[in-house]
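Each chain, written out:
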Amino acid sequence: MREVKVGIIGTGFIGPVHIEALRRLGFVKIEALAEANEELAKEKAAEFNISKYYGDYRELLADEEIEVIHNCTPNFLHYQINKEAIKAGKHVVSEKPLSMTSVESQELLELARENNVYHAVNFNYRQYPVVQEIRNRIKQKDMGDDIYLIRGYYIQDWLLYDTDYNWRVEKKKGGSSRAVADIGSHWCDLAQHLSGQKIVEVYAHLKTVLPVRKKPRRDIETFKNKEEENIDYEEIKVDTEDYATVLLKFANGAVGSFTVSQVSAGHKNDLFIEINGTKKSYSWSQEKANELVIGYRDKPNEVLVKDPALLCRDALDYAYYPGGHVEGWSEGVKNMLNSFYRCLLEKGDPENYSFATFADGHYENRLVEAILESTEKDRWVKV
Ligand code: NAI
Ligand code: SOE
């Protein structure tokens, strides 16, 4: 396989996950990184042993050695960086959301098509072996001819206290929606990828549980224990939702719902989905990622534990280790990138690969906007 040279823009939480995953692929070279300023870029380049670094992403885009860029910056920078990257002729792997509005994502999709660049959005929950197993079973109609219901949730607790703070809370940096756009978008992408059915209509109820939060006056690490720190805060009015429940209609007539929350104590990254078909149900939980629960009416339920010896042919490429060797979140990102880079090197049609494209990212933005409109108008809204 030929070596592809790539550049990473943004190296906070998810940037290093891309770096590790790319290194595990083996045929991708991380040529450079860009950070918010020169000093940080230099420090991160040393930490990750990357030879070139830039304090301005535009310099990275001008680097002719680089074929692909990974946009791992906060949401408010996605549109601008993705746009400039495409114009510079780079293939783009963007973090979600593709941009903060659907007007912007429509433009990015069109621009990427016009410039013939490969494009991806990191909806990584599609990429687990057990998820691919479910998708393939559904395609083969193993659960029956029809899907009746698709239900679930994605709940977290990292924003439970009013002293929990992150740029995602602020509309101008995260976008008009928080819980729905940040984690609900993952759930919706997963539901649509598994079922092969688009969500076409929504009825939503959103709530900002903590309308005022305490923003630290200096940078602190969001996910670390703050007990020991002596932190000075300022009070900020919050206008993005902590919670939502959304009723759904799918293209095939299936119905369902999902709940998202970032203030539910005890739930860390708790994404759960259940699909009820005419003969069986499948359910999957991100925190028990190696288990597929198959539900029956007329006999006891089954649990299939991930094991390459038991997975169907099409799910095998997503599992690396023998049974009992747990694979999870980081392998999901690796699989997403593997799918994207194979498509790029094979000059393939993204339709035949499992990664999400800008078309999927754009649809997610339209979905989020329909959810916001439904809340505002208190009625069903078509996507
Ligand atoms: P973060 O705040 O931890 O990291 C963002 C990084 O971007 C920081 O290192 C920051 O210095 C850098 N940055 C800011 N301005 C920049 C600029 N002008 N040029 C270059 N770098 C700049 O944020 P986090 O959690 O890594 O999230 C980044 C994105 O990734 C978000 O859009 C988020 O939605 C997405 N994400 C996706 C995940 C997934 O599972 N697919 C998981 C976590 C985040
Ligand atoms: C925070 O809610 C977050 O890091 C999201 O931004 C990610 O997309 C999700 O995968 C995990 O949680």
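Use the structure listed above.
Predicted, not measured: the structure shown is a model, and the values here were computed from it.

If you check the shell around ligand 2, you find Phe 13, Lys 96, Tyr 125, Tyr 154, Gln 156, Trp 158, Arg 168, Asp 182, Ile 183, His 186, Gln 262 and Asn 269 and nothing else. With respect to ligand 2, the side chain of Tyr 125 contributes an N or O atom lying 2.7 Å from an oxygen atom. A distance of 3.4 Å is found between an oxygen atom of ligand 2 and a side-chain nitrogen or oxygen belonging to Tyr 154. The dominant element in the shell around ligand 2, judged by the number of residues it contributes, is helix α8 (residues 179-195), at 3 residues. Across the shell around ligand 2, the residue classes break down as 5 nonpolar, 4 polar and 3 charged.

Turning next to the side chain of Asn 166. The topology assignment puts Asn 166 in the loop between β7 (147-155) and α7 (171-174). In this structure the side chain of Asn 166 is engaged in a polar contact, spanning 2.9 Å, whose partner is the backbone nitrogen of Arg 168.

In this section: the pairing of strand β16 (residues 302-305). Pairing analysis gives 4 bridges linking strand β15 (residues 291-295) to β16, with the strands arranged antiparallel. Paired with Val 293 across the two strands is Val 303, which belongs to β16. Count of turn residues in the β15/β16 antiparallel hairpin: 6 residues.

Spatially, the 6 strands line up as an open sheet ordered β3-β2-β1-β4-β5-β6, and their pairing is parallel. The open sheet is flanked by β3 (52-54) and β6 (119-121), the only strands paired with a single partner. Mean inter-strand twist for the sheet, computed between neighbouring axes without regard to direction, equals 20°. Note that strand β1 (residues 4-9) and strand β4 (residues 68-71) share 4 bridges and pair parallel. Residue pairing for β4: Ile 8 is matched across the bridge by His 70. Against the sheet, helix α2 (residues 38-48) contacts β2 (28-34) and β3, and its axis sits at roughly 155° relative to β3.

What counts as what
- Residues numbered from 1 in each chain as written.
- Chains lettered and ligands numbered in written order.
- Predicted model: local features only at pLDDT ≥ 70, side-chain atom pairs only at ≥ 80, totals over all residues.
- Heavy atoms only, no water.
- Near = heavy atom within 4 Å.
- Polar contact = N/O pair within 3.5 Å; in protein donor to acceptor, adjacent residues only side chain to side chain.
- Helix = DSSP H or I, 4+ residues; strand = E, 2+ residues; numbered from the N terminus.
- Nonpolar A, V, L, I, M, F, W, Y, C, P; charged D, E, K, R; others polar.
- Pairing = 2+ DSSP bridges.
- Axes fitted to C-alpha atoms, helices over the stretch in contact; angles between N-to-C directions.
- Contact = heavy atoms within 4.5 Å.

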